[in-house]
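The residues making up each chain are set out below.
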Amino acid sequence: MTVFFVVALGAIVGLIPFGPLRLGAAGALFVGLAIGNAVPEVADSMGMIKSLGLALFVYTVGLSAGQTFFADLVRQSKLMIASIGVLIMGALTAIIGGMLLGFDHDFSVGIFAGSTTNTPALAAATSAVGNQVPAVGYSLAYPMGVIFGIIFVSLVVARNWPGKNDTESLAGKQLSAVTANVERKIELRQVPGWHEERIRMSYLRRGDDQRVVSPGEVLLPGDRVVVVGLPDDVNVAVDSVGSEVDEHLADDRSIVGFRSFVVSSKNLAGRSIASLNLPANFGAMITRVNRGDLELLAADDLRLELGDRIAVVYPRDEEAAIEDYFGNSQRKISEVDAVGMGIGLVVGLLVGLIEISLPGGTTFSLGAAAGPLLVGMVLGNLHRTGPLVWQLPLSANLTIRQLGLLLFLAAVGIASGPAFVDTAFTAKGVQGGLLGALIAIIVVGLAGLAGKLLGLSAQRTAGAMAGILGQPAILAFASSKVTDERIESGYAALFALGMIAKILLVSLILMF
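Not measured: the values here are computed from a predicted model.

Novice: Explanation requested: the overall build of the chain in the structure shown.
Specialist: Secondary structure assignment for the chain yields 19 helices and 17 strands. Expected size for 512 residues packed as a compact globule is a radius of gyration near 24 Å; at 26 Å, the chain falls within 12% of this value. With respect to the principal axes defined by its C-alpha atoms, the chain has extents near 85 × 45 × 45 Å. Going through the 512 residues of the chain one by one, you find that 54% of them count as buried. By sequence separation, contacts in the chain at least 24 residues apart represent 81% of the contacts at least 6 residues apart.

Put into structure tokens, the structure is as follows:
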């Protein structure tokens, strides 16, 4: 009851504007701090809820970001290397600042873990020192990491600086469909953009015959054909075959149909569009795929996910067969594959339990954060293994992700409330909070600077800033401001690496 009271009240606080800033999901954290102090007897029972919420959140993020992450791994390698240097700077700030303020190592290491919002690092520190002093420093610095992370990300995420070394976002790209009059004989493979899969062709009218374009088609003078793609690519393709006409072939659906189908058949999850072989099986052609807010051109290597809405051009007499093939059921895509999700989370949590020995006799594990994230990224890239479908329908993924985030933040706030209030308003508490703020500013600020200097987009940089802090609330805040798949990819690139680096740096801080 306490957890869901915090979730509800936190959602209300998250809607309150503080200038241009709203806390969003992070409101649950700050309400939790207050409620946790009011009912301190509840704080000790938050461990299971905190781990469950965190595991659900990072696993679903991993599923969503996995394919993009591995595709962009080479592009993000320099950012990943730079992030290690950024975190070392944060650790040095904790060491030097703690010495100047007269803090003992136990307190300083907690401030470092809190300012970088890393619970596994706190667990490693607590295990190494054998007391709860790091938890006090953690509770003071954690809100600072969240607050300054959100502030810095809000300054970056909506910017449009040149990302010369980044891929373009697929979000907000609207495909166009144009009917062209063919004025010269030309093979499809010779049309600019066809071989590179920047365009698709669907309808073909030749004389009185209207049908779906075949992949090996040779266009003849007098033909009319529909070209689909991004506007600039479509214009180049139309100019190469002839000229645009006002009549649109897709308006006449008496012989050739055109409609969207929902992919709800589990047999198709993870299959590439090329492997479906629709031209041979149904005489049909997929032109575009709508996934959430993204509209994607149906490239041959694009793999389908449950819940995708695919636009298909087809002979009218094949409509029933195509609908049966894809499933086209909204009800089915609202159901979660409990087998795939259960096994995926079990494997992720088992990976998180593996203990790795460090010099000095200490050990660390990836925990309920990095373990499920890493496994989720791998499974998200695989899509499926035999009969097991790892990917979740997008709507189910987002729902579970939001629930996990709210449970995690509420539980962290409730658990940290008593220690936070006991120390926060003392001189030592104020100094610890300020040091935590300084570390957070240095880490997230340098991560943002690194992203810009490396020629990455503002959106991928904002994701990296959230990822280097390892803070789900900041990722949720960034995603609520801008729809861009590069945010999640940047987050996933640095989250697990940053977590491991922070755990190792805990040992460094305790040496001084």
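Novice: Honestly, the sheet that holds strand β10 (residues 256-262) in this entry has me stumped. Any pointers?
Specialist: Where strands meet in a sheet, backbone hydrogen bonds hold them as pairs that are either parallel or antiparallel. As summarised here, the arrangement of the four strands in space is β10-β13-β11-β12, forming an open sheet in which the pairing is antiparallel. Both edges of this open sheet fall to β10 and β12 (294-297), since each of them pairs with a single strand only. Shown here is a sheet whose adjacent strand axes are inclined to one another by a mean of 25°, direction ignored. Pairing geometry for β10 and strand β13 (residues 309-315), over seven bridges, is antiparallel. Bridge assignment links Gly257 to a residue of β13, and that residue is Tyr314. Taken strand by strand, helix α11 (residues 319-326) contacts β10, β11 (285-291) and β13, and its axis lies near 15° from that of β10.

Novice: What's the story with the pattern of salt bridges in this structure? I'm lost.
Specialist: Once the charged atoms of two side chains with opposite charge are near each other, the side chains can pair. By the definition in use, this model includes 17 salt bridges. A salt bridge links Arg259 to Glu319; the nearest nitrogen and oxygen atoms lie 3.0 Å apart. A residue pair is termed long-range when its members are at least 10 positions apart, and Arg259 in strand β10 and Glu319 in helix α11 qualify at 60 residues. Residues Glu323 and Arg259 are paired through a salt bridge, measuring 3.8 Å at the closest nitrogen-oxygen approach.

Novice: Could you clarify how one ought to interpret the nonpolar core in this entry?
Specialist: For soluble globular proteins, nonpolar side chains are generally found buried alongside one another. Among the nonpolar cores identified, the biggest contains 91 residues, and Tyr142, Val153, Leu409 and Ile468 are the most heavily contacted of them. Per-element tally for this core: the top contributor is helix α19 (residues 485-511), with twelve residues. Ranked by size, the runner-up nonpolar core spans 20 residues in total, among them Leu276, Ile286, Leu296 and Ala298.

Novice: Mind showing me how you'd approach the packing of helix α1 (residues 2-15) against helix α2 (residues 27-38) here?
Specialist: In a pair of packed helices, the angle between the axes and the distance between the axes together describe the arrangement. The N-to-C vectors of α1 and α2 enclose an angle of 125°; their axes lie 7 Å apart at closest approach. In terms of axis orientation, α1 runs oblique to α2. At the point where α1 passes α2, the crossing takes the right-handed sense. Contacts between α1 and α2 involve Thr2, Phe5, Val6, Leu9, Gly10, Val13 and Gly14 from the first element and Gly27, Ala28, Val31, Gly32 and Ile35 from the second. In the contact of α1 with α2, the residues fall into seven nonpolar, five polar and no charged.

Novice: What is the right way to read the pairing of β11 from this model?
Specialist: Two faces make up the sheet, and in a regular strand the side chains alternate between them. The element β11 is extensively covered by neighbouring structure, given that seven of its seven residues are classed as buried. Looking at chain direction, β11 and β13 are connected through five bridges and run antiparallel. Each bridged residue has a counterpart across the sheet, and for Ile286 the counterpart in β13 is Val312. Sheet topology note: the β11/β12 ladder contains four bridges and is antiparallel. Bridging across to β12, Arg288 finds its partner in Leu297.

Novice: Any chance you could explain the packing of helix α4 (residues 73-101) against helix α16 (residues 427-453) here in plain terms?
Specialist: The contact between α4 and α16 brings their axes to 9 Å, and the two run at 160°. Overall, the two elements α4 and α16 adopt an arrangement that is roughly antiparallel. When you trace α4 past α16, the crossing you get is right-handed. Of the residues in α16, those touching α4 at Leu79, Ala82, Val86, Leu87, Met89, Gly90, Thr93, Ala94, Gly97, Gly98 and Leu101 are Gln431, Leu435, Leu438, Ile439, Ile442, Val443, Leu446, Ala447, Ala450 and Gly451. Its residues assigned to classes, the contact of α4 with α16 comprises 15 nonpolar, six polar and no charged.

Novice: Is there a simple way to explain the side chain of Glu488 in this structure?
Specialist: Following the sequence through the fold, Glu488 ends up in helix α19. Classification of Glu488 by relative accessible area gives buried; the value is 13%. At 2.8 Å, the side chain of Glu488 forms a polar contact with the side chain of Ser64.

Novice: I tried to follow the sheet that holds strand β9 (residues 242-244) on my own but got confused; where do I start?
Specialist: Judged by pairing direction, the sheet is antiparallel, and its five strands sit side by side in the order β6-β5-β8-β3-β9 without closing on themselves. Looking at which strands have only one partner, the edges of the open sheet turn out to be β6 (209-212) and β9. When strand polarity is set aside, the average angle formed by the axes of neighbouring strands in this sheet is 30°. In terms of strand pairing, strand β3 (residues 176-182) meets β9 through three bridges, oriented antiparallel. Residue pairing in the sheet places Val182 in a bridge with Gly242 of β9. Taken strand by strand, helix α8 (residues 231-241) contacts β3, β5 (199-206), β8 (224-229) and β9, and its axis lies near 5° from that of β3.

Novice: For this particular structure, what's the right way to read the environment of Val421?
Specialist: Tracing the sequence through the fold places Val421 in helix α15 (residues 394-424). With a relative accessible area of 26%, Val421 lands in the partly exposed category. Considering only alpha carbons, one finds Val421 and Gly470, 49 residues apart in sequence, at a separation of 24 Å.

Novice: I would appreciate a short explanation of helix α5 (residues 105-115) in the present structure.
Specialist: Structurally, the α-helix is built with 3.6 residues per turn, so residues lying three or four positions apart point the same way. With respect to burial, α5 is a largely interior element, ten of its eleven residues being buried. Restricting attention to buried positions, one finds in α5 the residues Asp106, Phe107, Ser108, Val109, Gly110, Ile111, Phe112, Ala113, Gly114 and Ser115. Immediately beyond the C-terminal end of α5, within one or two residues, lies Thr117, with a positive phi of roughly 45°.

Analysis parameters
Residues numbered from 1 in each chain as written. Predicted model: local features only at pLDDT ≥ 70, side-chain atom pairs only at ≥ 80, totals over all residues. Heavy atoms only, no water. Helix = DSSP H or I, 4+ residues; strand = E, 2+ residues; numbered from the N terminus. Rg over C-alpha atoms; globule rule 2.2 N^0.38 Å. Buried < 20%, exposed > 50% of the residue type's maximum accessible area, 1.4 Å probe, protein only. Contact = heavy atoms within 4.5 Å. Pairing = 2+ DSSP bridges. Axes fitted to C-alpha atoms, helices over the stretch in contact; angles between N-to-C directions. Salt bridge = Lys/Arg side-chain N within 4 Å of Asp/Glu carboxyl O. Core = buried A, V, L, I, M, F, W, Y, C linked by side-chain atoms within 4.5 Å. Parallel < 35°, antiparallel > 145°, perpendicular 65-115°, else oblique. Left-handed = near helix turned anticlockwise from the far one by under 90°. Nonpolar A, V, L, I, M, F, W, Y, C, P; charged D, E, K, R; others polar. Polar contact = N/O pair within 3.5 Å; in protein donor to acceptor, adjacent residues only side chain to side chain.

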